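Structure assessment
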Amino acid sequence: MSAPNIETIVSLAKRRGFVFPSSEIYGGLGSAWDYGPFGVELCNNVKQAWWRWMVYERDDMEGVDSSIILNRLAWKYSGHEDTFSDPLVDCRDCNSRFRADKLDYLPTEEERELPAPEAIAKAIRERRIKCPNCGSKDLTEPRPFNLMFRTHVGAAAEDDPSSLVYLRPETAQGIFINFANVLTTSRRKLPFGVAQIGKSFRNEVTPGNFIFRTREFEQMEMEYFVRPGEDEKIHQDWIDNCFNWFTGLGISANNLRLYEQPKEELAHYAKRTVDIQYRFFPEREEQDRQWDELMGIANRTDFDLRTHSKKPEDAEGKRLNPDSTEDLSYFDEATKERFYPYVIEPAAGVNRTVLSVLMDAYSEKTNDKGETRVILKLHPTLSPIKAAILPLAKNKPEIVGMAKAIKRSLQPLLRAVYDDTGGIGKLYARQDEIGTPFCVTVDHQSLEDEAVTVRDRDTWEQERVKVSELPEHLSTRLKG
Ligand code: ATP
């Protein structure tokens, strides 16, 4: 079967309660989405899988949960106030606004030589690139638009600049400003990492493509602190590690690729950045446009710890920070050296991971009646429901009682549900569509032999299992 496009997933997600358009009863809010009963489970499972892999299964990791609203100075010194912007283009005819770097145009050879913003400005000026909305060639030159959402703290007047704060556009800065706190309390030695999962906010110019680009989203970020000089090898190791994490979640390696950011795309602080891209847009004709970022893995050098430090050692005095009260350098007891660690940062989106696992798991199968069924072949770790307990006769109290008792006995171990709201064929189909790996059916014979039928989502094969052995049986199969 060919890969599903995002539209197929939008419709499944809404029909089966994964993701709903937000504020729908009031006409919606552009590109905002709410996660429904199965969506919240899927998101939680993605986050738990990441945390387990990133924090629990390693010996060199700590976690934090920092505030969404930080002191404004954090964003001044991180560079976000000045540089966290996208190039914005207006159409003078229809007044639509676009991100200039996402306009549909191919740079000429000459433009390819220029830094990206200049290349786009030249193309708009000289080649009269078209408005993607109305086709007009009357576009403004790109100008920077800061993506941080502004708000005010406290009861101060809105025009009082001292009350201005931002909603964080990334979780990373909350880790850097806590570097000394974590270092002292955990007594860590380099190399070590600090992980964080949480919401971030960006006033994206052109959000869209379902949950791929939204203004409110969730990130899973980790900052790994290393000695300068060891950064390149450790960076490469994290690129390989992260790629394997996605394939370990069941995403096909054919739908993943590494993208080395060319120099002109690199953030000002980055020495090297490699993105893990997923084939989010298989329907696009041009091969290269089928792929987009799922995770970025950046070598941020010592930029962040230096910039937030009280005594930055910048020869030109450029990043002098009179506002910080802390020096975020590291003292190596063994070599008696003091220096600013380099940072390797794998940064992934929860929502883009959810979208990629949904797209990758989507499959269709025809049953013996010739009906096509959707099966979501999610990795069992990610499945919202692990086992559905289904009574074959809902009018028979003994069968219903036994099925409910089985559900209760499983619930401390795994997410199980009881469902008797349809015929067995319909119940199976529903569970297949939400990716439940196992259906457990209780029938008349179960009352006699204390056994149930376990049906496998992917093969539709059935197996008779003793009720007393069911928890062990399911746990083993869920671990794969
Ligand atoms: P893009 O180029 O797509 O705007 P980015 O390079 O700005 O992304 P990063 O700053 O590297 O993204 O953020 C790390 C991760 O956070 C991304 O790989 C993506 O998974 C997620 N992410 C970033 N922006 C958004 C968004 N607006 N909506 C959903 N997820 C996002």
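Here is what the cut-offs are and how they apply
Residues numbered from 1 in each chain as written. Predicted model: local features only at pLDDT ≥ 70, side-chain atom pairs only at ≥ 80, totals over all residues. Heavy atoms only, no water. Pairing = 2+ DSSP bridges. Helix = DSSP H or I, 4+ residues; strand = E, 2+ residues; numbered from the N terminus. Axes fitted to C-alpha atoms, helices over the stretch in contact; angles between N-to-C directions. Contact = heavy atoms within 4.5 Å. Core = buried A, V, L, I, M, F, W, Y, C linked by side-chain atoms within 4.5 Å. Buried < 20%, exposed > 50% of the residue type's maximum accessible area, 1.4 Å probe, protein only. Domains from an automatic or database assignment. Parallel < 35°, antiparallel > 145°, perpendicular 65-115°, else oblique. Nonpolar A, V, L, I, M, F, W, Y, C, P; charged D, E, K, R; others polar.

Strand order in the open sheet made by the seven strands is β3-β9-β10-β16-β13-β12-β11, with mixed pairing throughout. Two strands in the sheet have a free side with no partner beyond their single neighbour: β3 (61-63) and β11 (256-260). For this sheet the average axis-to-axis angle between neighbouring strands, irrespective of direction, equals 20 degrees. Helix α9 (residues 231-248) contacts β3, β10 (216-226), β11, β12 (272-278), β13 (292-299) and β16 (342-349) of the sheet and is inclined by roughly 155 degrees relative to β13. In this fold helix α11 (residues 350-361) packs onto β9 (192-201), β10, β12, β13 and β16, with an angle of close to 105 degrees to the strand it touches most, β10.

Among the nonpolar cores identified, the biggest contains 67 residues, and Phe18, Trp50, Met54, Phe210, Trp238 and Leu355 are the most heavily contacted of them. Residue contributions to this core peak at nine residues, all from helix α2 (residues 37-56). Each of domain 1 (6-79 + 148-359) and domain 3 (385-479) contributes no fewer than three residues to this core. In this structure, Trp50 is in contact with Val55, Ala195, Gln196, Ile197, Met220, Glu221, Met222 and Trp245, ignoring residues within four places of it in sequence. Judged by nonpolar contacts, the second largest core, of 20 residues, contains Ala387, Ile389, Ala403 and Leu414.

Once that is clear, we can look at the packing of α2 against α11. In contact at an axis separation of 10 Å, α2 and α11 are set at 110 degrees when each is read in the N-to-C sense. Judged by the inter-axis angle, α2 sits roughly perpendicular to α11. Across the interface between the two elements, Leu42, Cys43, Val46 and Lys47 from α2 touch Val350, Thr353, Val354, Val357 and Leu358 from α11. Residues of the contact of α2 with α11, tallied by class, amount to seven nonpolar, one polar and one charged.

Residues lying three or four places apart along an α-helix face the same way, a consequence of the helix completing one turn every 3.6 residues. For helix α13 (residues 424-434), the full list of buried residues reads Leu427, Tyr428, Ala429, Gln431, Asp432, Glu433 and Ile434. Following α13 by one or two positions, Gly435 adopts a phi angle in the positive range, close to 85 degrees.

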